[in-house]
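Results of the structural survey
If you want the building blocks of each chain, they are given just below.
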Amino acid sequence: MSSFTHSESSAAQTALDSRRRAVSSSGEIPESASQQSKSSALWCGRIIAVKCICYNSDFMECTWSHSDGEPNYTMHYWYASEPAQECGSYIQQDGYNIGCNFTKDKIREFVNFHVNRIGIIGSERVIPPNQTFQLQDQVKPNPPTNLTVNTTTNNGISLSWEPPMIQHCLQYEIKYKSNKDKDWQIESLQEQTKFPVPSVDPKKLYTFKVRAKINDFCGTTLFWSEWSSSVTWGNLDATETPGDTRLQMCITLIPGLIILALILLVLILKNEKLKVIIIPKIPNPGRRFDSLFDNFGGNFQDWLGVPKDTLEGFKPIYHENACLVSEPPPYSKEDTQQRGLWQHLERPVFLGKDTVPSNGGGVQPETLFIDVVRLAESNSGGRECG
């Protein structure tokens, strides 16, 4: 660890400032001084400040960020007017110093703590401005421990916990909610490590957490501790089941879907083109046939406008006579000869208008078989079916 006195640090800073302000008697910056000033000013504009945090006053880290092209800084520190000394335990990343660790014996509160960094680029020193801290304002406490829920005599509850450090220098925040609440309720407390919880419902399940910060009597830090481990109290059966979750989702989604449907309906009704695309019109045939009954009295042919010549062309121009045909009964020739009727069956018998079978002579009607009977009548005087 190299030695670096406060006076040397001040001299280096003064020399850098004098180079930046160096001007010739004619009002122009000398070339060498101008180049050095531009380079230093460029780096100072890009330098990230040092951040120091005392973790529960047990140890401290002073860190900074490193960008490509920046020098590798060394850090020196001192209290008040004491001699400066270099960091004894660097925090490194990719071979570059990005911070310094301090043990508890190196931490002193309510006295100015100065930090100085020096980097080398070529032959030029890059010295960012010094930074000064009051370390009591840089304390970040540990989370409170042993958070406990206690039942009181009035069927209420109270919280208690262990402070992470000196109790009179701490303030607390308690947050809690039930399984039916969406948002956390926040309560603030000074120094005390007990908190009575108001208005709890034993049918619900509550979750509690607590965190700490240095109060205004001991510092002006903005660093809150992390939240403690959570504790629960109440009806364990009150936890939401998958069925409850699905029900809540349905209750949430159904109104939204109804509103969306109403919006779409309004848009469809206002936009005729969209209405035709989504809800096409169905033709109404009733009105198309109004003239059939009103103007043509239900005459379909007249309503269609078919010419009479066309209709006459569909009418038949000939008349076909009706012919009656009968088949012989299933008698064999021998049966017929035995009955003495074969001579009558060798030729067909035609019955005309004046030919009427008589029971007085000839073949008897019950034994007479007519092979074929043809009756033909026509408008021209009657003729046999051919």
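Use the structure listed above.
Description of the structure in this document. (Residues numbered from 1 in each chain as written. Predicted model: local features only at pLDDT ≥ 70, side-chain atom pairs only at ≥ 80, totals over all residues. Heavy atoms only, no water.)

This next bit is on the state of the cysteines. Tallied over the entire structure, the rule returns three disulfides. In this model C87 forms its disulfide with C100; the gap between the sulfur atoms is 2.0 Å. Because the sign of the S-S torsion sets the handedness, a value of about 100° for the bond joining C87 and C100 places this disulfide among the right-handed ones. Pair noted here: C87 is in the loop between β4 (85-86) and β5 (90-93) and C100 is in strand β6 (residues 96-103), with a separation of 13 residues, a long-range link. Assigned by exposure class, C87 and C100 land together as buried. One disulfide bridge connects C169 with C218, the sulfur atoms lying 1.9 Å from each other. Because the torsion about its S-S bond is -70°, the bridge between C169 and C218 counts as left-handed. Taken together, the residues C169 in the loop between β12 (157-162) and β13 (170-178) and C218 in the loop between β16 (205-214) and β17 (231-234) connect sequence positions 49 residues apart. Taking relative accessible area as the criterion, C169 reaches 10% and is therefore assigned buried. With no disulfide of its own, C54 has C62 as its nearest cysteine by sulfur position, at a separation of 7.5 Å. (Disulfide = S-S within 2.5 Å. Helix = DSSP H or I, 4+ residues; strand = E, 2+ residues; numbered from the N terminus. Buried < 20%, exposed > 50% of the residue type's maximum accessible area, 1.4 Å probe, protein only.)

A separate point is the packing of aromatic side chains. Across all of its chains, the model carries nine aromatic pairs by this definition. Between Y79 and F113 the ring centres are 5.0 Å apart and the planes differ by 50°, which places this aromatic pair in the tilted class. Here F113 lies in strand β7 (residues 112-121) and Y79 lies in strand β3 (residues 74-79), a separation of 34 residues in the sequence. Using a relative accessible area of 4% as the deciding quantity, one classes Y79 as buried. Accessibility expressed as a relative area gives 0% for F113, which makes it buried. With centroids separated by 6.3 Å and ring planes inclined at 20°, the aromatic side chains of Y206 and F208 adopt a geometry described as stacked. Given the relative accessible area of 0%, F208 is considered buried. Geometry around Y79 places R108 over its ring, the cationic atom sitting 4.6 Å from the centre. One residue, K175, lies across the ring of W184, its end atom 4.7 Å from the ring centre. (Phe/Tyr/Trp six-rings, centres within 6.5 Å; stacked < 30°, edge-to-face > 60°. Lys NZ or Arg CZ within 6 Å of the ring centre and 35° of its normal.)

That's the geometry; what it means functionally is another story.
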